[in-house]
Amino acid sequence: MTIQLPGFQGGLRAYEPRTEPLTVTPGTPFTSRTVFSAAHVVADPYADTTPDSPAAVDWDATLAFRRHLWSHGLGVAEAMDTAQRGMGLDWAGAAELIRRSAAEARSAGGRIACGAGTDQLTSGSPAEIRAAYEEQLSVVEESGAQAILMASRALASAAKGPEDYQEIYGHLLRQAAGPVILHWLGPMFDPALEGYWGSSDLDAATDTFLEVIAAHPDKVDGIKVSLLDARREIDLRRRLPQGVRCYTGDDFDYPELIAGDDKGFSHALLGIFDPLGPLAAQAVRVLDTGDTAGFRNMMDPTVELSRHLFQPPTRFYKAGVVFLAWLAGHQSHFTMVGGLQSARSLPHFVRAYELADGLGLFPDPELAEERMKNLLSLYGVNQ
């Protein structure tokens, strides 16, 4: 098999795809780490929509992908940033996704946690923000899923200082039915979240974040940190109260953070574990045996792909995630809600294909090659 890919300096170059995929089989449940994949949604390609329309979701394909993740022992983090919350998927669509996925999780015996935020609002008073959070928290809890309290654009806009975050999060934690995961999403993922926790000074913001947790440690299962700063995450997890987990959301440094050190480690809640799901699951099972070096040997080579997909503007990483799901045969088309497949360039997709193929991520390399050629032809690249 040979495919002609656009060259880095013009023209075409021959590329020989891998002929055999990585052999990965489902195994036993994880014992040393709790691992969630933040999963993407599959759009309905036949729906007559516009970028401003409510999302049209292919529910069968979307749920089938979640069953794929569960089959490898991964938990699903549902209705999160990877599912295009606030970038094509509105609250009504997210609520339906939560209900359907939670029901599927019960049927499949899979673990699920779902995002609760305030994306019914574009702005609002503290009372309106609190009510929006409460509505979404209620939907998640009624579905039977664990809640993830997502960062709120409306709160970031309305808050006057740290005390506003302490008041609203304290209220939500007191009424939560069970321990939740708190999510700190950095502005590289969503520029509207600049200054979250009341300050653009990350040291001050961290102090406020920890004060919220310390006031309600029995209601916080863990924190998900997406700041793409490994040293800051390590420092933060060492300051957590006993029993509160750190779930890394660092798609640049996850092998180091999950492997940990003599003072602790991070669990995982990662968008990159959408395309890496089976490989990540196999690596964590190696880590379960105490073989940290074996885990790193499997995961370190994946970082180049992850850093490529999450390169600035980082918020558009979803396009690469869905592109790889299409090449891997998890969906029949490369269409995204909100038309977000247009958010990355052809050279970006070409490099993603090469890196993923090199890792053996495509169960059927011939299908991936055929679909890559189809995409290239749309850009006028003839084979």
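Heads up: the structure comes first, above all this text.
Residues numbered from 1 in each chain as written. Predicted model: local features only at pLDDT ≥ 70, side-chain atom pairs only at ≥ 80, totals over all residues. Heavy atoms only, no water.

**Some thoughts on the overall build of the protein chain**
So, step 1. Within the protein chain, the secondary structure is distributed over 14 helices and 10 strands.
So, step 2. For the protein chain, whose C-alpha radius of gyration is 20 Å, the value lies close to the compact-globule estimate of 21 Å for 383 residues.
So, step 3. Seen through its C-alpha atoms, the protein chain measures out along the principal axes to roughly 60 × 50 × 45 Å.
So, step 4. Relative to its 383 residues, the protein chain shows a buried fraction of 56%.
So, step 5. The contacts in the protein chain between residues at least 6 apart in sequence include a share of 70% that link residues at least 24 apart.
So, step 6. For the protein chain, the accessible surface area stands at approximately 15100 Å², while carbon and sulfur atoms represent 49% of it.
So, step 7. Mean positive and mean negative side-chain charge positions of the protein chain (32 and 49 charges, respectively) differ by 3 Å. (Helix = DSSP H or I, 4+ residues; strand = E, 2+ residues; numbered from the N terminus. Rg over C-alpha atoms; globule rule 2.2 N^0.38 Å. Buried < 20%, exposed > 50% of the residue type's maximum accessible area, 1.4 Å probe, protein only. Contact = heavy atoms within 4.5 Å. Areas by Shrake-Rupley, 256 points an atom, 1.4 Å probe, with all protein chains shown as cover. Lys, Arg positive; Asp, Glu negative; His and termini not counted. Charge placed at Lys NZ, Arg CZ, Asp CG, Glu CD.)

**What to know about unusual backbone geometry**
So, step 1. The omega angle of the peptide bond from Pro312 to Pro313 is -10 degrees, so this bond is cis rather than trans.
So, step 2. Along the chain, Pro313 turns up in the loop between helix H11 (303-309) and helix H12 (317-327).
So, step 3. The residue Gln84 is not glycine, and still its phi comes out positive at about 70 degrees.
So, step 4. Secondary-structure assignment places Gln84 in the loop between strand S4 (75-78) and helix H2 (91-108).
So, step 5. Here Leu228, not a glycine, exhibits a phi torsion of approximately 55 degrees, which is positive.
So, step 6. Along the polypeptide, Leu228 turns up in the loop between strand S8 (220-226) and helix H7 (230-238).
So, step 7. Take Leu228: its relative accessible area is 18%, and that puts it in the buried class.

**Some points on the nonpolar core**
So, step 1. In terms of nonpolar packing, the biggest core is built from 120 residues, with Leu182, Tyr196, Phe273 and Phe323 touching the most fellow members.
So, step 2. Among all residues touching Leu182, those that are not within four sequence positions of it are Leu149, Tyr169, Leu173, Phe209, Val212, Ile213, Val220, Gly222, Ile223 and Lys224.
So, step 3. Membership of the second largest hydrophobic core comes to 10 residues, among which are Ala38, Ala77, Ala113 and Ile148. (Core = buried A, V, L, I, M, F, W, Y, C linked by side-chain atoms within 4.5 Å.)

**Description of the packing of helix H5 (residues 162-175) against helix H6 (residues 202-215)**
So, step 1. Relative to each other, H5 and H6 sit at 25 degrees, their axes nearing to 10 Å. One way to sum up the angle between H5 and H6 is to call them roughly parallel. Note that H5 runs across H6; the crossing there is right-handed. Judged by residue contacts, Pro162, Gln166, Tyr169 and Leu173 of H5 engage Thr208, Glu211 and Val212 from H6.
So, step 2. For the contact of H5 with H6, the class distribution of residues is four nonpolar, two polar and one charged. (Axes fitted to C-alpha atoms, helices over the stretch in contact; angles between N-to-C directions. Parallel < 35°, antiparallel > 145°, perpendicular 65-115°, else oblique. Left-handed = near helix turned anticlockwise from the far one by under 90°. Nonpolar A, V, L, I, M, F, W, Y, C, P; charged D, E, K, R; others polar.)

**Some points on the pattern of salt bridges**
So, step 1. Under the counting rule described, the total for this entry stands at 20 salt bridges.
So, step 2. The salt bridge involving Asp261 is made with Arg238; its shortest N-O contact spans 2.6 Å. Separated by 23 residues along the polypeptide, Asp261 in the loop between helix H8 (254-259) and strand S10 (267-270) and Arg238 in helix H7 bring together distant segments of the chain.
So, step 3. Asp261 gets classed as partly exposed once you look at its relative accessible area, which sits at 33%.
So, step 4. The salt bridge involving Arg307 is made with Asp253; its shortest N-O contact spans 3.1 Å. (Salt bridge = Lys/Arg side-chain N within 4 Å of Asp/Glu carboxyl O.)

**Some remarks on the packing of H12 against helix H14 (residues 365-378)**
So, step 1. Close contact between H12 and H14 brings their axes to 8 Å; oriented N to C, the two are set at 125 degrees. Accordingly, the angle class assigned to the pair H12 and H14 is oblique. Only Leu367, Ala368, Arg371, Met372 and Leu375 of H14 make contact with H12, whose side of the interface consists of Phe323, Trp326 and Leu327.
So, step 2. Among the residues making up the contact of H12 with H14, the classes are represented as seven nonpolar, no polar and one charged.

**Points about the sheet that holds S10**
So, step 1. The sheet built from eight strands closes into a barrel, its strands ordered S3-S4-S5-S6-S7-S8-S9-S10 with parallel pairing. Mean inter-strand twist for the sheet, computed between neighbouring axes without regard to direction, equals 25 degrees.
So, step 2. Note: strand S5 (residues 112-116) against strand S6 (residues 146-149), four bridges, orientation parallel. Bridge pairing in S6 places Cys114 opposite Ala147. (Pairing = 2+ DSSP bridges.)

**Notes on H14**
So, step 1. Taking 1.5 Å per residue, 14 residues should reach 20 Å; H14 reaches 20 Å between its end C-alpha atoms and fits that length.
So, step 2. Buried within H14 we find Pro365, Ala368, Glu369, Arg371, Met372, Leu375 and Leu376. Down the axis of H14, the buried side of the element spans an arc of 170 degrees, and every buried residue falls inside it. Away from its buried face by more than 90 degrees, H14 exposes Glu366 and Leu378.
So, step 3. Its buried side turned inward, H14 meets strand S1 (3-6), H12 and helix H13 (346-359).
So, step 4. Once H14 finishes, Gly380 follows within two positions and takes phi at roughly 85 degrees, a positive value. (Expected span 1.5 Å × (residues − 1). Arc of directions from axis to C-beta.)

**Notes on the pairing of S6**
So, step 1. Here S6 shows a buried face lined by Gln146 and Ile148 and a second buried face lined by Ala147 and Leu149.
So, step 2. Where the polypeptide runs from S5 across helix H3 (residues 126-143) and back to S6, its parallel neighbour, the crossover connection is right-handed.
So, step 3. Sheet topology note: the S6/strand S7 (residues 180-185) ladder contains two bridges and is parallel. Residue pairing in the sheet places Ile148 in a bridge with Ile181 of S7. (Right-handed = clockwise from strand over helix to strand, strands pointing away.)

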